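# A look at the structure
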Amino acid sequence: MTSVVKSPYTNEQVVAWLRGLLAIAWADGNFDPQEQEIIAALTHELTIDSDLASFEKITPQELASVFKDDTVAAENFLRTAVMVAIADGTYSSVEDEIIHQFCQALGLQETALVALRQTLCDVPTAADTTTLPTDEQPQIDVLHPVRDWLDGLDIHDPKVARFLCKMIPPQCPFERDVTLFGKKIVHIPPLCKLNPLYEQLVGLRFRALSYLADECHEDVTEYC
């Protein structure tokens with residue numbers, strides 16, 4: 001799929017951008033058939049070998065060499081990397097390590113990532129250092145810097161917009177009860193109740209859809 005809208009990013013930047021996002025999407029080493037279909041479509045669009053086994057992940061050094069002269073693009077890439085990492089409702093230590101390496105290579109501050117790391121990573125020390133609010137201790141929104149930082153992302157490239165529309169779920173998965181022998185044994189809440197940054201994901205997906213529809217004049221029904 002091509003677009004008549006001119007991206008402010010070079011083709012080299014867009015290819016590096018999507019390779020970086022795919023590295024995050026693959027961080028857990030396990031992806032379902034839907035994810036494989038998304039990745040195959042993207043690699044085909046970028047004229048990269050669509051064989052998943054032969055796709056070469058980008059290194060932090062490669063990423064830095066592409067974005068070294070464009071700090072704004074580098075930070076927008078990092079924002080989308082975090083969005084892809086939390087799209088499934090979890091932010092793992094494996095994903096965090098990759099994003100940390102990207103951030104260091106790009107020479108960007110990690111202020112927002114530090115807050116995210118303390119609350120969402122599967123790191124034992126995160127739980128040990130968390131204190132619950134009391135009547136005398138008001139609850140503090142530790143993710144406020146992350147929300148502000150993520151909300152600052154604007155969409156300016158159709159390929160990146162399509163990737164985000166495919167990777168971010170179009171709707172909040174339904175809550176459900178798990179039953180055994182006719183008795184409820186556990187209640188699973190909807191993803192929007194589990195992911196404290198769900199509103200940021202929804203907002204980003206909406207901006208990506210609006211960009212494709214309003215600026216690129218593309219049919220976005222396939223993403224709805």
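This text goes with the structure placed above it.
Residues numbered from 1 in each chain as written. Predicted model: local features only at pLDDT ≥ 70, side-chain atom pairs only at ≥ 80, totals over all residues. Heavy atoms only, no water.

### Looking at the packing of helix 3 (residues 60–67) against helix 5 (residues 93–106)
Which entries qualify depends on this criterion: Each axis is a line fitted through C-alpha atoms, and for a helix only the stretch in contact is used; angles between axes span 0 to 180 degrees, taken between their N-to-C directions. Under the scheme used here, helices are H or I runs from DSSP no shorter than 4 residues and strands are E runs no shorter than 2 residues, and both carry numbers assigned from the N terminus. To sort the angles, those under 35 degrees are grouped as roughly parallel, those over 145 as roughly antiparallel, those from 65 to 115 as roughly perpendicular, and the leftovers as oblique. Left-handed describes a crossing in which the near helix is turned anticlockwise from the far one by less than a right angle; the clockwise case is right-handed. Whether two residues are in contact is decided by their heavy atoms: any pair within 4.5 Å suffices. Polar here means any residue other than Ala, Val, Leu, Ile, Met, Phe, Trp, Tyr, Cys and Pro, which are nonpolar, and Asp, Glu, Lys and Arg, which are charged; Gly is therefore polar.
It is the contact of helix 3 with helix 5, at a shortest axis distance of 8 Å, that shows an interaxial angle of 40°. Accordingly, the angle class assigned to the pair helix 3 and helix 5 is oblique. Where helix 3 crosses over helix 5, the two elements pack in a sense that is right-handed. Facing Pro 60, Leu 63, Ala 64 and Phe 67 of helix 3, the residues of helix 5 in contact are Gln 101, Phe 102, Ala 105 and Leu 106. Its residues assigned to classes, the contact of helix 3 with helix 5 comprises seven nonpolar, one polar and no charged.

### Observations concerning the nonpolar core
Inclusion rule: As used in this record, nonpolar core signifies buried Ala, Val, Leu, Ile, Met, Phe, Trp, Tyr and Cys residues forming a set joined through side-chain atoms within 4.5 Å. Exposed residues in this analysis have more than 50% of their type's maximum accessible area, buried residues have under 20%, and partly exposed residues fall in between, with area computed by a 1.4 Å probe over protein chains only.
With 60 residues, the main nonpolar core has Phe 67, Phe 77, Ile 99 and Phe 102 as its most contacted residues. Those elements that provide at least two residues to this core are helix 1 (11–25), helix 3, helix 4 (71–86), helix 5, helix 6 (111–120), helix 8 (144–151), helix 9 (158–167) and helix 11 (198–215). Considering each element in turn, this core owes the most residues, ten residues, to helix 4. For Phe 77, the residues in contact, after removing those within four places along its chain, are Trp 17, Gly 20, Leu 21, Leu 63, Phe 67, Phe 102 and Leu 106.

### Concerning the packing of aromatic side chains
To keep things clear, this is the line we draw: Stacked, tilted and edge-to-face are the three classes assigned to paired rings of Phe, Tyr and Trp, where Trp is represented by its six-membered ring and a pair needs centres within 6.5 Å; plane angles under 30 degrees give stacked, over 60 edge-to-face, the rest tilted.
Here the structure, examined in full by the defined rule, presents five aromatic pairs. Relative to Phe 77, the ring of Trp 17 lies with its centre 6.2 Å away and its plane at 90°, an arrangement referred to as edge-to-face. Here Trp 17 is found in helix 1, whereas its partner Phe 77 is found in helix 4, with 60 residues between them in sequence. No difference in accessibility class separates Trp 17 from Phe 77, as the two residues are buried. Three or more aromatic residues joined by ring pairs form one cluster here, namely Tyr 9, Trp 17, Phe 67, Phe 77 and Phe 102.

### As for the pattern of salt bridges
Defined as follows: Any carboxyl oxygen of Asp or Glu within 4 Å of a side-chain nitrogen of Lys or Arg constitutes a salt bridge here.
Summed over all chains, the structure comprises five salt bridges. One salt bridge in this structure joins Glu 62 and Arg 19, with 3.7 Å as the shortest N-O distance. Of this pair, Glu 62 sits in helix 3 while Arg 19 sits in helix 1; the two residues are 43 residues apart in sequence, bridging distant segments of the chain. What makes Glu 62 partly exposed here is its relative accessible area of 29%. Residue classification places Arg 19 among the buried positions, given a relative accessible area of 15%. Across the pair Glu 110 and Arg 117 runs a salt bridge, and its minimum N-O distance is 3.0 Å. We classify Glu 110 as buried; its relative accessible area is 16%. When its relative accessible area of 24% is taken as the criterion, Arg 117 is described as partly exposed.

### Details of unusual backbone geometry
Of note, His 217 is a non-glycine position whose phi angle comes to about 55°, a positive value. Among the structural elements, His 217 can be located in the segment after helix 11. Judged by relative accessible area, His 217 falls into the exposed class, the value being 63%.

### Focus: the environment of Val 72
Tracing the chain through its elements places Val 72 in helix 4. The exposure class of Val 72 is exposed, given its relative accessible area of 60%. For the pair Val 72 and Leu 153, spaced 81 residues apart in sequence, the C-alpha separation works out to 10.0 Å.

### Some points on the environment of His 144
You can see His 144 is positioned in helix 8. Assessed through its relative accessible area of 41%, His 144 is described here as partly exposed. Sequence separation between His 144 and Leu 197 is 53 residues, and the spatial gap between their C-alpha atoms is 9.8 Å.

### Let's talk about helix 3
We count it as follows: The arc under discussion is defined with respect to the helix axis, by the directions toward the C-beta atoms.
Buried within helix 3 are the following residues: Pro 60, Leu 63, Ala 64, Val 66 and Phe 67. The buried side chains of helix 3 occupy one side of the element, clustering within an arc of 160° when seen end-on. Elements in contact with the buried residues of helix 3: helix 1, helix 4 and helix 5.

Bear in mind that shape data such as this cannot, by itself, settle questions of function.
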